[in-house]
Every structure is written in structure tokens, then in C-alpha cells.
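Breakdown of the fold
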Amino acid sequence: MNTYTLRPDRFDRAGQDQLVDVRDLQAALPGIRRLREWAHAALALQPGERAVDIGSGTGTEVMAFADAVGPDGVAVGVEPDPNLLASAERRAAQTGSTAKFHSGDAYGLPFGANSFDAALCERVFQHLTAPARAANEIARVLRPGGRVVVMDSDWGTAIVHPGERQVVREVVDTLISATTNPFSGRKLPGQLTKAGLVIDEIGSHALVQDRTVGVGSLVTRISAMAVARGVITEEQRAQLVEDLEAGAASGDIHLSVTMFAVLAHKPN
């Protein structure tokens, strides 16, 4: 998990090469799992409803949707990456799930207006150059009264401890500069509101890297980028790594980013 990075064109070919993602945090999955549980409870799918997962990846959440809506409902995933799409289709076939999958992206969902009772969009907006377009697409495909949960990280909340403050600041700024839409988490409520949706609730969870991982691949890569940008020296980078390794050994280490989840609905 800590070495997986999204292809830069998965969501938005015009975006920057995506060098960071919450999958780089070794302990991200427990936090993401808790937010997903919150999302499913918030959406409260009922038998016979229609639900869509935008950026469905390997299809896990779509299959959970299929179980919730039952044989009279519809659960579909939209995914632009052909490899992930094929993987999701194989998993659904192997488990006998009724989940269906379509090629598409957040800018052009392959469905008519007012098609779904519920939608989920997880970790997509941070990769988009025009997230407002995606918010409008979500609003378009939702039926009146339909609800959506949009989840994304906000790299402006990244914490790196210990380390010299200025060096850490430059490393975090480098991380932010390497992300297409780095402050996506904090912007979700405003973007969904502008798309005509009504915000009902906002949840959050800090995704904290397991301290046993030590420095980890994310800080290793980003601190090297900071050196290449000329904002810190190689000596400062080496000291930061040394400080983090010492912190990991003593238990005084904290690497995290906060993910936000917004529940909204389309007015009747």
C-alpha cells in the first residue's frame, strides 16, 4: 500500500503528475475504513434504490452498495482506469455480485439526469483541475432528494513531527505543490453548495501513519523533491530524516493528513 501511487491521468489528464496520495500512509486504511462506514451509514441505502460510486477503483464499495439495494436496486461504479475497471468486474463476477461497472470519469458521468438516489465519490477531487465540474455532474445525476457523500484529503493539514520547523514547512509546501487540488477537503462544502446541493453533515478523520514505519516513503520522496526545488539543503533533509528515525525509535513521531467527508442532498 505504501508504494502505490495513482497514475497521473486516472482522473484528470491536465493535472500534475500525482506524486502523493493517502495510500502512501502506511496506516491509512483503518481511518479510511471508518470514514467509509460513516459514509454508508449516512447514505442509508434502501432496497430498490439506485447508487453510484464515482472513481470506484477495484469495486469494493459498489459491491457493498449492491448488497444494500438488493436485487430490485442498481449499484454501479464509474472508473476511468481500464485495469482497475477490469479488476472490479472480475471481483464482482467471482463473488456473484450484481454490481455493474462503466468506463467514465467525474467530468462526464455516462448516465442521464436524475438517475440515482445516492452517490459516493472518494479521493477523486484532489486529482481534478476543475472540481466544480465534477460537483455539477454529481448534482446532475442525483434525483431530487438524492444524497451524496464526497470524501477527500486536505494536504494543507499534513503534520510532520519531529523536525526543524522551517524545514518541515518547506517539505509540506513541496507536498502541496505536487498535488493537483491539494486543499480539496476544505473546499468540498462550498463546491457542492455552488452545484445546488444542500450540506447536511461534515465528518473528518486524521489518517495517521503507523510510527513503526519510521520516515516512510511519502516523506522520503517529498523531502527529496524539496532538495531538488532548492528550498532545503541535502544536509537539512538528512537531519530531518535522522530526527524522524530517532522519533520513531522513541515513540515521539507523528505523520498524518486529515480526510474530510461531506454528506449533501439534492433539494426536491
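Residues numbered from 1 in each chain as written. Predicted model: local features only at pLDDT ≥ 70, side-chain atom pairs only at ≥ 80, totals over all residues. Heavy atoms only, no water.

Going by an unreviewed UniProt entry, the protein carries the name Methyltransferase domain-containing protein and comes from Nocardia iowensis.

Attention now moves to the sheet that holds strand S2 (residues 74–78). Spatial ordering of the open sheet is given by S3-S2-S1-S4-S5-S7-S6, a layout of seven strands whose pairing is mixed. Of all strands in the sheet, those with a lone pairing partner are strand S3 (100–102) and strand S6 (198–208), marking the two edges. If you compare each strand with its neighbour and ignore which way they point, the axes differ by 20° on average. The pairing of strand S1 (residues 50–54) with S2 spans five bridges and is classified as parallel. Bridge pairing in S2 places Arg-50 opposite Val-74. With respect to the sheet, helix H6 (residues 184–194) is in contact with strand S5 (142–161), S6 and strand S7 (254–265), its orientation differing from that of S5 by roughly 155°. (Pairing = 2+ DSSP bridges. Helix = DSSP H or I, 4+ residues; strand = E, 2+ residues; numbered from the N terminus. Axes fitted to C-alpha atoms, helices over the stretch in contact; angles between N-to-C directions. Contact = heavy atoms within 4.5 Å.)

Below, the discussion takes up the side chain of Gln-126. Residue position: Gln-126 is located in the loop between strand S4 (116–122) and helix H4 (131–141). Classification of Gln-126 by relative accessible area gives buried; the value is 0%. Among the polar contacts listed, one links the side chain of Gln-126 to the side chain of Trp-155, at a separation of 2.9 Å. (Buried < 20%, exposed > 50% of the residue type's maximum accessible area, 1.4 Å probe, protein only. Polar contact = N/O pair within 3.5 Å; in protein donor to acceptor, adjacent residues only side chain to side chain.)

Residue placement: Asp-117 occurs in strand S4. Those residues in contact with Asp-117 that sit more than four places away from it in its chain are Glu-49, Arg-50, Leu-142, Arg-143, Gly-146 and Arg-147.

The next thing to look at is the environment of Ala-75. Residue position: Ala-75 is located in strand S2. Along the primary structure Ala-75 and Asp-53 are separated by 22 residues, whereas in three dimensions their C-alpha atoms are 8.1 Å apart. Not counting chain neighbours up to four residues away, the residues in contact with Ala-75 comprise Ala-51, Val-62, Phe-65, Ala-66, Val-69, Thr-98, Ala-99 and Lys-100.

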